Amino acid sequence: MSNLPGPPRAPRVSTRQEAILVTSDLTEIPVVIVDVSESGFRIEADETFYVGETILIGEQVSLRVARNGDMPARIHWAQGCEAGGVFLSHIDLGHIDLS
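Scoring rules and cut-offs
- Residues numbered from 1 in each chain as written.
- Predicted model: local features only at pLDDT ≥ 70, side-chain atom pairs only at ≥ 80, totals over all residues.
- Heavy atoms only, no water.
- Helix = DSSP H or I, 4+ residues; strand = E, 2+ residues; numbered from the N terminus.
- Contact = heavy atoms within 4.5 Å.
- Pairing = 2+ DSSP bridges.
- Axes fitted to C-alpha atoms, helices over the stretch in contact; angles between N-to-C directions.
- Core = buried A, V, L, I, M, F, W, Y, C linked by side-chain atoms within 4.5 Å.
- Buried < 20%, exposed > 50% of the residue type's maximum accessible area, 1.4 Å probe, protein only.

*Asks:* How would you sum up the environment of Gly84? Please name residues and give values.
*Replies:* By the secondary structure assignment, Gly84 is in strand E6 (residues 82-87). Each C-alpha atom, one on Gly84 and one on Val36, is 9.5 Å from the other, the two residues being 48 residues apart in sequence. What Gly84 contacts, discounting residues up to four positions off in sequence, is Phe41, Arg42, Arg74, Ile75, His76 and Trp77.

Put into structure tokens, the structure is as follows:
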């Protein structure tokens, strides 16, 4: 068994961008993007994410950001009012309006 670290994590950009998390059953949850990278994101909501009810680990979702449209993603983790996900395709941060 190797103790070598995995590939380096993509650089994260801190932001407080409002967005909508659209779940697989088309529920729309207002969220704030806390940080984002070309491969993933961390979000927070006003209410707790109830794993198995509000959100599912591994669930395919869309992260909707004004002026950028829907970005398909998969939920990787959720705890309390925060969740993290990975984008299903590479995101070019230079083309996303995070203001």
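*Asks:* Lay out the sheet that holds strand E5 (residues 69-79) in plain terms, naming residues and giving numbers.
*Replies:* Spatially, the six strands close up into a barrel ordered E1-E2-E3-E6-E5-E4, and their pairing is antiparallel. Recorded for the sheet is a direction-independent mean angle of 45° between the axes of neighbouring strands. As judged from the three bridges shared by strand E1 (residues 13-22) and strand E4 (residues 60-65), these two strands associate in the antiparallel manner. Bridging from a neighbouring strand, Val22 pairs with Ser62 of E4.

*Asks:* Account for the nonpolar core, naming residues and giving values.
*Replies:* Counting 22 residues, the largest nonpolar core has Leu21, Val31, Ile43, Phe49, Leu63 and Phe87 as its most contacted members. Contributions of two or more residues to this core are made by E1, strand E2 (28-36), strand E3 (40-45), E4, E5 and E6. Apart from the residues within four sequence positions on either side, Leu21 is in contact with Thr27, Glu28, Ile29, Val31, Ile43, Phe49, Ile55, Val61, Ser62, Leu63 and Ile75.

*Asks:* Can you explain the environment of Gly58? Please cite residues and give values.
*Replies:* You can see Gly58 is positioned in the loop between E3 and E4. The class of Gly58 is partly exposed, set by a relative accessible area of 33%. Spatially, the C-alpha atoms of Gly58 and Ile75 are 5.1 Å apart, while their sequence positions differ by 17 residues. For Gly58, the contacting residues outside a window of four places in its chain are Arg74 and Ile75.

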